[in-house]
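What the coordinates show
What follows is each chain in one-letter form.
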Amino acid sequence: MVGADFSPGVNLPFTRETLDNGLTVLVHEHHDVPLVAVNVWYHVGSKNERPGLTGFAHLFEHLMFEGSEHYDKGFFGPLQDAGASLNGSTNADRTNYWETVPREALDLALWLESDRMGHLLPALTEAKLTNQRDIVLNERRQNYENRPYGLASFALLGALHPPDHPYHWPTIGWPDDIAAASLADVSAFFARYYHPANATLAIAGDITAGDAIARARKFFGDIPAGPAVEPVRPPAPALTAPMRLVLEDRVELPRLYLAWHSPALFADGDADFDLLGEILGGGKTSRLYKRLVFDDRVATELIATQASREAGSMFQVVATAAQGRHLSEILDIVDAELAVLASHGPTGDEVERVRAQAESAFVMRLQHLGGFGGRADQLNAYQTYLGDPAAFGADLERYLRATRESIASAAAALAARHRAELSVVPAGQAALALAGSSPARVI
């Protein structure tokens, strides 16, 4: 299949073919520079896990760089020696790996990617698992447990989602689950999710579509399809009452987190919540930043954002109190500004600004072949989430058609919904939290 997105100012042509084993191959030709981006997405993330067996998707992000049956060494060495850049990442909904290589090193990248897709388990040993398990636990300590405010996101996820919901636990997993993970457990997880029928391969750059598909078939075509993977569609969670929590931490200043359930990724309203976040807290000209930091000086920093996910999103406002100011002052101002936006909507200038920012961000993604958010990554994202690599223009159009009324509706929805209110305060100073807060539970 050949397709292109011809929205004004956007053109991301591609060729798509599905191999007999179910692997979707996407090719984007771009002959300006002698580089090729290789990008693999597996439709698996932490939401495919279950209580007692969490953290596996992130653990495999590490394990898949540690060697496979026919190259049982570190994955970075040969590619970096060939002049490549490479990385990978995991979130709740997907895992991706990418390499941007000189044209002459394309076969090397494809061979290594295919070997870890089709032949990882023969090289997965107890020693490797133990080593990477320890690295992940140390990463959790460094990035979350020992970082100021680092456990706040865990507390919010746990508060907004019931224990059996796949967004209840963090992507990095619960430490007891990681420590207890057996070789049999992780091998079964890999066999279920890391195979061609649950993956997409995007190749973008200085290569023809026919050549790229032929190479994909050569390196990936003999890998078995693997079992069918059913989509994860949990019931939409909803708070039946407001939640007010406190978390004591090794911090100097109290910080307030407000979190609401919001529309899922690509669902109706998702883009409007994105733009609402920009209007409320996207930079120094945003409403809440101006009010909280510049005018009233009750906060030192402020962000507002729509954290979009496949099975339901989370809208957040986060503000750190200035010295001597109370979190209740921040809360009152946030609620006042939300009420104004819900009643009157943003100004025309605000709408034009955030739409222009969105359009600029979309165009900037097209400046890169590979890497996170580059052309190959975009094609894979739209194929994985929507089944349509040509959705770039339709995605952008969601933002361009936003209006004062649609953004006001998003603000009104927040004002009408119950939310989680988390106060993170210095250890031993729980009195600085919002009144009536209960201790947050963090694993």
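These figures come from a predicted structure and were not determined experimentally.

Its identity is not glycine, yet Tyr149 carries a phi of approximately 65°, on the positive side. Among the structural elements, Tyr149 can be located in the loop between helix H4 (126–145) and helix H5 (152–160). Residues other than glycine seldom take positive phi values, yet Arg297 does so here, at roughly 55°. Take Arg297: it is sitting in the loop between helix H10 (287–295) and strand E10 (299–307). For Arg297, a relative accessible area of 61% puts it in the exposed group.

This part takes up the pattern of salt bridges. Enumeration over the complete set of coordinates arrives at 23 salt bridges. Two residues, Arg116 and Glu99, come together in a salt bridge whose shortest N-O distance is 3.6 Å. Pair noted here: Arg116 is in helix H3 (residues 106–118) and Glu99 is in strand E6 (residues 95–102), with a separation of 17 residues, a long-range link. Each member of the pair, Arg116 as well as Glu99, is classed as buried. We note a salt bridge from Glu421 to Arg419, for which the minimum N-O separation is 2.8 Å. Since its relative accessible area comes to 10%, Arg419 is described here as buried. Salt bridges here are not isolated pairs; linked through shared partners, they connect Arg244, Asp335, Arg419 and Glu421.

Where helix H1 (residues 56–63) contacts helix H7 (residues 183–193), the two axes come as close as 11 Å, and the packing angle between them is 90°. With respect to each other, H1 and H7 are oriented roughly perpendicular. In this structure, H1 contributes Phe56, Ala57, Leu59 and Phe60 to the contact, and H7 contributes Asp185, Val186, Phe189 and Phe190. Of the residues contributing to the contact of H1 with H7, the split by class is seven nonpolar, no polar and one charged.

A few words on the confidence of the model for the protein. Mean pLDDT for the protein: 95, with 98% of residues reaching 70 or above. Scored below 50 in pLDDT, residues 2–8 makes 18 contacts in the model with residues more than four places away or belonging to other chains.

Bringing the pairing of strand E7 (residues 199–205) into the picture now. The buried count for E7 comes to seven of seven residues, which makes it a mostly enclosed element. As paired elements, strand E3 (residues 24–29) and E7 share six bridges and run parallel to each other. Residue pairing across strands places Thr24 opposite Thr200, the latter belonging to E7. Relative to E7, strand E4 (residues 35–42) runs antiparallel, the two being bridged by seven bridges. Within E7, the residue paired with Val36 across the bridge is Gly205.

Here we take up the packing of H3 against helix H8 (residues 209–220). H8 packs onto H3 with a crossing angle of 40° between their chain directions and a minimal axis gap of 9 Å. Taken together, the axes of H3 and H8 are oblique relative to one another. Our pair here, H3 against H8, has a crossing hand that is right-handed. From H3, Leu106, Asp107, Leu110, Trp111, Glu113, Ser114 and Met117 reach across to H8, where they touch Arg215, Lys218, Phe219 and Phe220.

What follows is about the sheet that holds strand E8 (residues 243–249). With mixed pairing, the six strands of this open sheet are ordered in space as E10-E11-E9-E12-E8-E13. In this open sheet, the two edge strands, each paired with only one partner strand, are E10 and strand E13 (438–439). As paired elements, strand E9 (residues 255–262) and strand E11 (residues 313–321) share eight bridges and run antiparallel to each other. Following the sheet pairing, Tyr257 is matched in E11 by Val318. Strands in contact with H10 are E10 and E11; relative to E10, the strand with the most contacts, it is inclined by about 160°.

Cut-offs applied
- Residues numbered from 1 in each chain as written.
- Predicted model: local features only at pLDDT ≥ 70, side-chain atom pairs only at ≥ 80, totals over all residues.
- Heavy atoms only, no water.
- Helix = DSSP H or I, 4+ residues; strand = E, 2+ residues; numbered from the N terminus.
- Buried < 20%, exposed > 50% of the residue type's maximum accessible area, 1.4 Å probe, protein only.
- Salt bridge = Lys/Arg side-chain N within 4 Å of Asp/Glu carboxyl O.
- Axes fitted to C-alpha atoms, helices over the stretch in contact; angles between N-to-C directions.
- Parallel < 35°, antiparallel > 145°, perpendicular 65-115°, else oblique.
- Contact = heavy atoms within 4.5 Å.
- Nonpolar A, V, L, I, M, F, W, Y, C, P; charged D, E, K, R; others polar.
- pLDDT = per-residue confidence, 0-100.
- Pairing = 2+ DSSP bridges.
- Left-handed = near helix turned anticlockwise from the far one by under 90°.

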